[in-house]
Amino acid sequence: MRMLRLALCLAPLVVWTDIALCQSWTPLNNAPPITIGYMALATDGTVLAHARTYSSADSQWYKLTPDSTGSYVNGTWTQIASMPAGYAPIDFAGGVLADGKLLIEGGEYNNAQDVESNLGAIYDPVANTWTSVAPPTGWSQIGDASGVILANGTFMLGKQGLFDSALFDEAHLSWTLTGANKPDYNVEEGWALLPNGKVLNVEIDAFQQYNATGTKSELYDPSTGLWSEAGSTVVQLWDSAANCGGASAASYEIGPMVLRPDGTLFATGANKCGAGHTAIYNTATGTWAAGPDFPNGLNIADGPAAVETNGNVLMMASPGIYQSPSTFLEWNGSTLTPVAAPSTASGDSSWYGAMLELPNGQILFSDLSQNLQVWTPSGTYQAAWQPTVSSVSTTLTPGSTYPISGTQFNGVSQGAAYGDDQQMATNYPLVRIVNSATGHVFYCRTHDHSSMGVATGSSPVSTNFDVPSTIETGASELYVVANGIPSAPVSVTVGTSSGGTATLSPARIDFGNVAVNGDSSWQSLILTNNGTAAVWISSVAVSGAAFTDTSYCSGSLAAGSQCVIYVLFHPTSNGTFNGTVTVIDSASNSPQISTLGGTGGTTTGGNISFSGTIASQGQYVFTPNFTSGAGPVTATLNAPAGTKWRFVADNATTNQAVAEQDGTGPLTITFTAAAGNSYNFFVEATSGSGAWSVTGSHP
């Protein structure tokens, strides 16, 4: 059977060698600097990751940024702002809100102490700051709480261990109580958002309400603020330890619930006494059916699951309660099948894990270590699951904000889930722009989504997106992405013509002869905006292995303004070298290109001949380098009558001035050159301006 499965996996690779048709795990090439637990997907495509060390370092957060191709495997880590003083939680509630901010509430642990914390904070990714959030009035604990972001964008929080729930008012950082008729404690419960906007919960009969065979479920209706019965789950999904110790041995744990694109919700269970059960909720009929039991005594007593882009559900299970090793399985709507596990699975219990949907269709996995990995599922999505774009500007300016509207921007599921805490839903739109010339990927920060629902179908929805100021300009493809499933591309142009032209001058720099492994003087290129509107500079690039640049041209260049690019020539061998400097911007004549040239080697003597124009008093230039033999060098600066100049000879090899004349031209300087050293001249207009030339000879 293993050989058959291998053959089915490998055969298509003969046709599609560039597509990973087989499901696989890939470790990140760059590990985070600290052990990671909870993760959230920021609306700019980065991953916000929480340190989990059981110490005060649990206040720390890090950001994973994908590379220019959109790869998270090759992404890089940076530390972002830490949480407010005194708040270093583990196992908390939270999620990314409709405005793109991240809300974190409670924590079973704080500063490594088991305190059921009632602290909270909200993170602003634009300002890179945290703001403390007070708990609902009278709440002395929140702990490892249940939580969900409702379709209207409001975060609903459960008070761990008690009946209370509250709605977050972000504008005032305050709370309003809701769900007063909830019949069961908020203990280990995971809340799932349904397509109709209601919230589904499996009741856990804990503590004084202990019922060894309880199978109740309930629905929260945001329109009334009340809970109602939702029928029996048919099989028990929470661990009551009914046949192996009863109430005193029960963990009350439960597994995650995940909505699939077909409208069924797959709910997983825990069972200390044997294999965990599963159940299937049909959102169309509002009824439950029993699913298959986990094989080999497996359970999910807290643990992650996520819907793949192919519609299947990936999950992490382990034996008994809190035991290892872990096993990964996939539910396709009819069968529950073991799949490949990450390299760390043998030492993990299911509760170690966390999963996050990535916008490229992969699933990011953490397990309380630094060994983060991504899962690449097989297959693909159906067209009916894709977002559609009905309205967006096809001309985009870097640094600007645009509205975009269409359908199904929130995807067909919340994405990933856990048991109770660690909500990692990603049912919100991301905007991805891919430059047609380079293939580089840019994510635009989205915010103020019109809906935070799931499976919104044909209902119109919208959001806003900020085009990065650093985005590459030119023809591009825009996608709306939800839970890794992209819309069809929309052709857009980024950085449209300013209507004017820009000039890069001089058109060529000839560095002359420079000794091998020596450095020329820095030569300047001036970019001038000749138009009446600002020009947006997308990139400055130098080609040619012997040339390097330092650019002061970036972002917006005002009408009539200039910026400078300095270029250095460093030949590493004898011979002729050529290169270019290319500026891509929003001017109508973009790109602007200047060519570069120079020769590496020694000289046997020759003439000196340089010339140029200085436009205004106080400006200066360095001539290209020349390499001299040993002996006297004579050079004369010729300049317009009545103007004053500073004329300096520099030894570029030792970085020292060797001769200088100041005054009205012509100015002549003489110095003795050392064999093989490189020299250049500094020419400055100290009074007046105009065309100049330097002539002379060297040995």
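Residues numbered from 1 in each chain as written. Predicted model: local features only at pLDDT ≥ 70, side-chain atom pairs only at ≥ 80, totals over all residues. Heavy atoms only, no water.

## Quick look at the overall build of the chain
Here is the rule we go by: To qualify as a helix, a DSSP run of H or I must reach at least 4 residues; to qualify as a strand, a run of E must reach at least 2; elements of each kind are numbered from the N terminus. The classification of residues rests on relative accessible area computed with a 1.4 Å probe and restricted to protein chains. Under 20% of the type maximum is buried, over 50% is exposed, and intermediate values are partly exposed. For the accessible areas, the method is Shrake-Rupley and the probe is 1.4 Å, while residue cover comes only from the protein chains on display. Charge convention: Lys and Arg are scored as positive, Asp and Glu as negative, and His as well as the terminal groups of each chain are ignored. Each charge is placed at NZ for Lys, CZ for Arg, CG for Asp and CD for Glu.
Counting its regular elements, the chain contains one helix and 60 strands. If you line up the chain on its principal axes, its C-alpha atoms span 105 × 55 × 50 Å. Looking at the chain residue by residue over its 699 residues, the buried ones come to 55%. In the structure as shown, the chain presents an accessible area of about 26300 Å², 52% of it carried by carbon and sulfur atoms. Taken together, the 16 basic and 47 acidic charged side chains of the chain have centroids lying 3 Å from each other.

## Section: the state of the cysteines
Short version of the rule: Counting rule for disulfides: a pair of cysteine sulfur atoms within 2.5 Å.
For the coordinates displayed, the defined rule picks out two disulfides. Each sulfur in the disulfide pair C553 and C563 lies 2.1 Å from the other. For the disulfide bridge between C553 and C563, the dihedral angle about the S-S bond is near 110 degrees, and by the sign convention the bridge is right-handed. Separated by 10 residues along the polypeptide, C553 in the loop between β47 (547-551) and β48 (555-557) and C563 in strand β49 (residues 562-569) bring together distant segments of the chain.

## Some words on the layout of surface pockets
Operational definition: Both cavities and pockets are sets of points on a 1 Å grid over the protein atoms alone; in a cavity a 1.4 Å probe fits but cannot get out, in a pocket the set is open with protein on both sides within 12 Å along at least five of seven lines, and lining residues sit with an atom within 4 Å of a point. Grid points are joined across faces, edges and corners, and a volume is the space filled by probe spheres set on the points. Amino acid classes used here: Ala, Val, Leu, Ile, Met, Phe, Trp, Tyr, Cys and Pro are nonpolar; Asp, Glu, Lys and Arg are charged; the rest, including Gly, are polar.
Roughly 900 Å³ of internal volume is contained in the largest pocket. Residue lining of the largest pocket: 27 residues in total, with P506, S524, I526, Y620 and V621 positioned closest to the centre. Looking at the lining of the largest pocket, the elements with two or more residues in it are β44 (508-514), β45 (523-529), β49, β52 (606-614) and β53 (620-622). Element by element, the count of residues in the lining of the largest pocket is highest for β52, at six residues. Residue composition of the lining of the largest pocket, by class: 14 nonpolar, 11 polar and two charged.

## Let's talk about empty space enclosed by the protein
What the rule picks out here adds up to three cavities of 30 Å³ or more. A volume near 350 Å³ is recorded for the largest cavity. In this structure, the largest cavity is lined by 35 residues; those nearest its centre are W191, Q414, A416, A417 and Q423. Split into classes, the residues belonging to the lining of the largest cavity amount to 21 nonpolar, 12 polar and two charged. The volume enclosed by the second largest cavity comes to roughly 80 Å³.

## Looking at the sheet that holds strand β20 (residues 226-232)
Think of a sheet as strands paired side by side through backbone hydrogen bonds, with each pair either parallel or antiparallel. Note the following rule: In short, DSSP must find at least two bridges between two strands for them to pair.
One open sheet holds the four strands; their spatial order is β17-β18-β19-β20, and the pairing between them is antiparallel. Of all the strands in the sheet, the pair left with one neighbour each is β17 (192-193) and β20. Summarising the sheet, strand β18 (residues 199-202) and strand β19 (residues 216-221) pair through four bridges and their orientation is antiparallel. Across the sheet, residue V199 finds its bridge partner in β19, namely Y220.

## Looking at the pattern of salt bridges
The condition is simple: The term salt bridge refers to a side-chain nitrogen of Lys or Arg lying within 4 Å of a carboxyl oxygen of Asp or Glu.
The tally for this structure, following the rule as stated, stands at eight salt bridges. Taking the shortest distance from any N to any O, the salt bridge between E189 and K182 comes out at 2.7 Å. Residue E189 is classed as buried on the basis of its relative accessible area of 0%. On the basis of relative accessible area, K182 is assigned to the buried category, the value being 3%.

## Quick look at the nonpolar core
The following threshold applies: To define a nonpolar core, start from buried Ala, Val, Leu, Ile, Met, Phe, Trp, Tyr and Cys residues and group those joined through side-chain atoms within 4.5 Å.
In this structure, W61, L102 and L364 are the most contacted members of the largest nonpolar core, which totals 60 residues. By size, the runner-up hydrophobic cluster in this structure holds 34 residues, among which are V202, A250, L259 and V454.

## Here's the deal with the confidence of the model for the chain
Condition: What pLDDT expresses is the predictor's confidence in each residue, scored from 0 to 100. Contacts are assigned to residue pairs with any non-hydrogen atoms lying within 4.5 Å of each other.
For the chain, per-residue confidence averages 91 on the pLDDT scale, and 96% of positions sit at 70 or higher. Confidence drops under a pLDDT of 50 for residues 1-21, and excluding neighbours within four residues, the segment shows 10 contacts in the predicted structure.

## Here's the deal with unusual backbone geometry
Between S324 and the following residue, P325, the backbone shows a cis peptide bond with an omega angle of 5 degrees. Of note, P325 is situated in the loop between β27 (313-319) and β28 (327-331). Following G665, the chain continues to P666 via a peptide bond in cis, the omega torsion being -5 degrees. On the secondary structure map, P666 appears in the loop between β57 (656-664) and β58 (667-673). Within the chain, Y54 stands out as a residue other than glycine whose phi angle is a positive 55 degrees. Mapped onto the secondary structure, Y54 falls in the loop between β3 (47-51) and β4 (61-65).

## Overview of the sheet that holds β3
Convention followed: Only the stretch in contact is used when fitting a helix axis, every axis being a line fitted to C-alpha atoms; angles between N-to-C directions are given from 0 to 180 degrees.
Spatially, four strands are ordered β2-β3-β4-β5 in an open sheet, and the strand pairing comes out antiparallel. Single-partner strands in this sheet number two, and they are β2 (36-41) and β5 (76-80). Averaged over all neighbouring strand pairs, the angle between strand axes comes to 30 degrees, with direction disregarded. Examined bridge by bridge, β4 and β5 share five bridges and lie antiparallel to one another. Bridging from a neighbouring strand, T65 pairs with T76 of β5.

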